[in-house]
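Here is what each chain is made of, one letter per residue.
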Number of protein chains: 2
Amino acid sequence: MAPHTDFAHKLRPAPPDGATIIKCERLGSDLDADQLGQYLHGKTYIDRQQRILDIVKREKLFDKTQQTNLSRPDRYKLGLARGKRLRQLQDVHRWDDEDFVMAEYLVDDVQPYHLHISLFTAALREQTNDEQRAYWMPKVVSWEIIGAYAQTELGHGSNVRGIETEARWDPQSQHFILHSPHLTASKWWNGTLGRTATHAVVIAQLLLPAESGKTDVKYQSHGPHPFIVQVRDTKTHQPPNSIIVGDIGPKYGYAPMDNAYMLFDHHRIPHSALLSRYSQLDLLTGVYTKSKNPSSLYGQLTRGRAVIAMHARLVLARAVTVAVRYLSIRRQFHDRDDPHKQGPELSVLDYSTVQIRILPLLATTFALHYSGLAMRQLYERTRNSSASDGDRVSENADMATLMELHSTSAGLKSLATELAANGIETCRRAMGGHGYGGGTGLIQLNADYLSKPTVEGDNWMITQQVAKYLIKKVKEHAHSLKGQALNKTEENLKDYLYSRTREPNFKVLEDDATLVQAFNWRMSWLASRAYDAREVQRRPWNSLLVEFHKLSRAYSQAMLVSNFHTAIASAAVQELPTTTRNALTDLFRLFALNTMDHEAREFQKSGAVSSDTLDEVSDTVLSLMTKIRPHAVKLVDAWALPDYLLDSALGRYDGRVYEDLFNRAHVLNPLNKVTFNPDYRNDEIVLGSGDVGNIQAKL
Amino acid sequence: MAPHTDFAHKLRPAPPDGATIIKCERLGSDLDADQLGQYLHGKTYIDRQQRILDIVKREKLFDKTQQTNLSRPDRYKLGLARGKRLRQLQDVHRWDDEDFVMAEYLVDDVQPYHLHISLFTAALREQTNDEQRAYWMPKVVSWEIIGAYAQTELGHGSNVRGIETEARWDPQSQHFILHSPHLTASKWWNGTLGRTATHAVVIAQLLLPAESGKTDVKYQSHGPHPFIVQVRDTKTHQPPNSIIVGDIGPKYGYAPMDNAYMLFDHHRIPHSALLSRYSQLDLLTGVYTKSKNPSSLYGQLTRGRAVIAMHARLVLARAVTVAVRYLSIRRQFHDRDDPHKQGPELSVLDYSTVQIRILPLLATTFALHYSGLAMRQLYERTRNSSASDGDRVSENADMATLMELHSTSAGLKSLATELAANGIETCRRAMGGHGYGGGTGLIQLNADYLSKPTVEGDNWMITQQVAKYLIKKVKEHAHSLKGQALNKTEENLKDYLYSRTREPNFKVLEDDATLVQAFNWRMSWLASRAYDAREVQRRPWNSLLVEFHKLSRAYSQAMLVSNFHTAIASAAVQELPTTTRNALTDLFRLFALNTMDHEAREFQKSGAVSSDTLDEVSDTVLSLMTKIRPHAVKLVDAWALPDYLLDSALGRYDGRVYEDLFNRAHVLNPLNKVTFNPDYRNDEIVLGSGDVGNIQAKL
């Protein structure tokens, strides 16, 4: 029987069905989710999302239903087709950059052109001199050439100075000779380069003649420099014989992306290939000059970190949305204390062991939002003020804060990506059996996001930067408490150093402002200990890395708590209706207190919070969750994640979980269109096909 | 150029290469890995592994290189072919059950026949009466029929009593009528049933006539019962019209497994379909009788939990093996305190932030090993003693312990699967960039294992069982301290209750035995608090679930520490060479102290360990890791995981990491055999093919 005519067609879920339950959930809370959504995202964003959604959801190429049934080579092909279609749509609808980013986000599948649009374009825009920019940018913008950014190598990631690829200047021929001296010099991981790109910005050690001998020339390395290199022929799309380039093969996620390996065998590139905004090699004299990178790079980095936090919050919001909706619908067992055990079983989201996993993550989405926003606003303010005749004092203060953020935002990257990556998995497990299925809509998100804790700075390694900055600041203020605090962090450190002998034991359950103080105190205590261990006791750096990691974590948690607290006290929040305002305040407390509960010993040992108060934190967390629970569905609604994006049976807005799960299995699954031969004595796989050996041939 | 003739062929990794490094690692430790391996696994196991390995690695069908490039439908086909081949090899080589399990383990891909061999066979063996067994078992053993076990439903998982599928007895026709009243009654997740099985054991509510009315018959439910049902035709492999059955579609992992959905529309099955060992329905009188399940089921469960712990340790050992080998080879940055910064960069495994993530997990593999082993031995002892004329006293003690384990082993399942699932991901992240690639050999293991924290008892939910048991035991002993302690747990609880007012502050850094005492004390403190909250303060069960989860965790950690401690004091360990013995002792301390460090506040609050002592724990953990580090490679070697199983470029025994990564990319990746058309104005995907629209047609 065909799926549409068989007896399953007339079956409905046992009452109460998901659609009814989720309606009741929404009726049970007077929180205005649309209004909260507008407040969070801004009207421009909400309108853009709807406008782009209407376009992309009509495109057959962006249909997501069969994606998980394709092989990895087909996923690349689909990605290429989708990337082309996105660009075609951009041309047709005259999308600006933000429109395009929104379209990529909604289609929710990385496309092989991604590194062309992002890193390659940025590198050419930032690192070219005027002449180079005028030559290359039109080709880049029109996609006449497709580029990638080739920095990391098989043997070298984070330590850029250690890369092996060489660019040796040959004064005779006036060419650079790109060469890979070892296998480990192979470029590796470089997205868009594996099968798609025609060009690449290649980072290589610039080798220049140091002195001339009789028979040979001694060379000296001037460190890694960027070169633009054509890697494939415009017509045949084949590399020259002196370049080997290809795709590295399947990864955890990002199936449609062609991450590359690339080797050079004395490949010659012209003098103009050296991107020369910050370093120049005089063609005639052979003289090398280098300018310092401008301070605007601090801002760029801050902006990048803000993007990471904002991205993390939406990724996490997606997992939390799916979990909250499904778990409010899912029923399991009656309450053990209910003597009658009649009527529907308990909503899974009513179990405290489920709430403790999901609701703090719901609070975390807001915490990440406010810190991402704060960083973004700071970046924009400093960018504007440096171009205008603004208030000099606040401008200087902003610059100091920006410099601080440059050093410490590594910690936020580390914490935000960890919270989001672990949070997705926590949500998945809380969903029990169905959490393991494709109906979650989280499989690809999960696999893709797992790259984040290790790319763009390994989450553990980069926390050293935070420690380095804070130790320096403690050192500056440890012996002269009268020095001026240039920013909030220095103020917090000074406050601590001034009164370190006392134990403030903040009454964190009585006053929200003391929560912020407690987090700052504990951070300062750890910073002071780190300073003591390194600068006074002179302990080896390597033996302190674990402590540094804790310090960075404490610092970033303090930042999240502080920005969250500032936000709920803001005028924008005070203008929201009481229910919404109270919910945001409860989420703030939940985030802060739940974090404190997990790090209780540090708060106690530092004297920030007394042991007796800490004992009450767990129960306060439980009662906060009881207050938030009735608004949970509305709160995730506020993140305004369209069903098209979620692609989740469990997380659908209308609650028709079981109907959707069944439809995916019974109607959409191609495996059910084939009948198999299970007799082990017969090597045939598809019954009646005689296909003996076919599948083995694919190995 | 073809991969074998191009210039990459002559390139080698930059020195020191992985092969050299890993040789030096092994030379640097005098630990005898083979001997330790024999001690851990036993000679029988090691020999079996080698014997089966020699057979399976020769089979083309078991080649793993292209597995990750196949679509999900092809993964099922490959799984079916592999399942057939495994059974054919069993026939040829006369494998016993353990040989077959070993072959499945080494091939390392779940096969669609798996539930036939495991749950279906067990159900028919355990739940049939003699006549049924005689009829069905020959067909099962010969694979004449292929069976599945159909219990969970779309709307019901853990709460088996809530399943909706009905088996209504019709006295007139003497048939049961199987029926799915709602969509949520659909069987769901049932492995082997989606496309493979011909039969299934179906769990359904047994409905029997309660009383006869004039026009209709009232029915009464007798709860879930097992029925054997033919679900597909022997020739056509199609279900009858009254059954809908199929595969539920892609999941996180287990791609080759056909997890099923199944619905019944008044499907009739004969009286003999009710598996009648424990429940009978008299065909003539209609009288229903039910016997109590025998206590041997306690043992079955214990054995099952032992298997979970033993499986978890090998899964984790695999991730740790890959991580330790790769991270000892991988170099990154010079030591910050090294003024010269010459020579090779530092081995990543020498960073304390890497050690703190990997080496405690190495210790965890041993901790899980000893608890799994202890449970298995206990199970075997009780099984033997109940069949023989053994020592009555020790037999009773064993039975009491077994009863305890039946209640508390849920906690070990929860903790062991969490440690392993999280441990794989921790190892992966510690490997940085390459940890995200296919070269880890961990992608499939990771995806498959993520099912474990939620199947066979959700990891959070089942911890209630532990709390229930411990609260009961505290209740028994709280008021009469003279009652006899029937097992170790009761003894620990009594010790605590007897002297609860004092704070023992065990000197855990001076004496290993006190480590065990400290874990037991903290567990007893939590148990006593749980008893107090529930039985004295009468707090709602639901409000205590988070505390119960902590109690279960503390209990299971105490079990792991205690069994580990017993093992290293055993004669078998005392006979090992000093290096090995010391390494095992260091691993024990590392496991115990690192666990303590993470739960420090509970140890402090319970009075088990003083705050001052706890302050020293972190540094002791660091110095233990320094002692273990030189033996790390040898210690993972001892787990004896063959390269064929690992299928990992990063984790190869010979250390040729970069050569293997490059080979997988450049030689094995099929995507590199195709040239693409990146011009977005042209919808063609493969250059020159004119394949416009081909990939869209697959959606």
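Predicted model only: the values in this text are computed from it and were never measured.

A. Representation of the overall build of chain A within the structure. The helix and strand tally for chain A stands at 22 helices and 11 strands. Projected onto its principal axes, the C-alpha coordinates of chain A cover approximately 100 × 85 × 55 Å. In chain A, which comprises 699 residues, the proportion classed as buried is 60%. Nonlocal contacts in chain A, meaning residues at least 24 apart in sequence, comprise 73% of its contacts between residues at least 6 apart. For chain A, the computed accessible surface area is about 27,600 Å², with 51% contributed by carbon and sulfur atoms. One finds the centroid of the 83 positive side-chain charges in chain A at a distance of 2 Å from the centroid of its 80 negative side-chain charges.

B. How the structure looks around the sheet that holds strand β8 (residues 260-264) of chain B. In spatial order, the strands read β4-β8-β7 (chain B); together these 3 strands make up an open sheet with antiparallel pairing. The outermost strands of the open sheet, each flanked by one partner alone, are β4 (187-190) and β7 (243-247) of chain B. Adjacent strand axes in the sheet meet at a mean angle of 15°, parallel and antiparallel pairs treated alike. As paired strands, β4(B) and β8(B) are joined by 3 bridges and run antiparallel to one another. Bridge pairing in β8(B) links B:K187 to B:M262. Lying over the sheet, helix α22 (residues 657-668) of chain A contacts β4, β7 and β8 of chain B, oriented at roughly 100° with respect to β8(B).

C. Up close: the domain arrangement of chain A. All names here are of chain A. If you check the domain split of chain A, you get domain 1 (26-111), domain 2 (145-290), domain 3 (298-449), domain 4 (463-638) and domain 5 (669-699). Taken over C-alpha atoms, the centre of domain 1 sits 35 Å from the centre of domain 2. Broken down residue by residue, the surface that domain 1 buries against domain 2 is led by R72, Y76 and V110, which jointly contribute 76%. Our count for the domain 1 to domain 2 interface comes out at 1 salt bridge. Here R72 makes a salt bridge to D247, at a shortest N to O gap of 2.7 Å. Of the residues contributing to the side of domain 1 that touches domain 2, the split by class is 3 nonpolar, 2 polar and 3 charged.

D. Molecular detail of the interface of chain B and chain A. Each partner contributes residues to the interface: chain B has 160 residues there, and chain A has 161 residues. When the two sides are added together, the surface that chain B and chain A hide from each other amounts to roughly 14,000 Å², 60% of it contributed by carbon and sulfur. For the pair chain B and chain A, the number of links is 10 salt bridges. Close ionic contact of A:D619 with B:R539 constitutes a salt bridge, the shortest N to O distance being 3.6 Å. Taken together, chain B and chain A are joined by 82 residue pairs in polar contact (both at pLDDT 80 or more). Here the side of chain B that touches chain A gets 12 residues from one element, more than from any other, and that element is helix α4 (residues 72-93) of chain B. Of the residues that constitute the side of chain B that touches chain A, the class distribution is 66 nonpolar, 50 polar and 44 charged.

Rules used throughout
- Residues numbered from 1 in each chain as written.
- Chains lettered and ligands numbered in written order.
- Predicted model: local features only at pLDDT ≥ 70, side-chain atom pairs only at ≥ 80, totals over all residues.
- Heavy atoms only, no water.
- Helix = DSSP H or I, 4+ residues; strand = E, 2+ residues; numbered from the N terminus.
- Buried < 20%, exposed > 50% of the residue type's maximum accessible area, 1.4 Å probe, protein only.
- Contact = heavy atoms within 4.5 Å.
- Areas by Shrake-Rupley, 256 points an atom, 1.4 Å probe, with all protein chains shown as cover.
- Lys, Arg positive; Asp, Glu negative; His and termini not counted.
- Charge placed at Lys NZ, Arg CZ, Asp CG, Glu CD.
- Pairing = 2+ DSSP bridges.
- Axes fitted to C-alpha atoms, helices over the stretch in contact; angles between N-to-C directions.
- Domains from an automatic or database assignment.
- Buried area = accessible area lost by both parts, 1.4 Å probe.
- Salt bridge = Lys/Arg side-chain N within 4 Å of Asp/Glu carboxyl O.
- Nonpolar A, V, L, I, M, F, W, Y, C, P; charged D, E, K, R; others polar.
- Polar contact = N/O pair within 3.5 Å; in protein donor to acceptor, adjacent residues only side chain to side chain.

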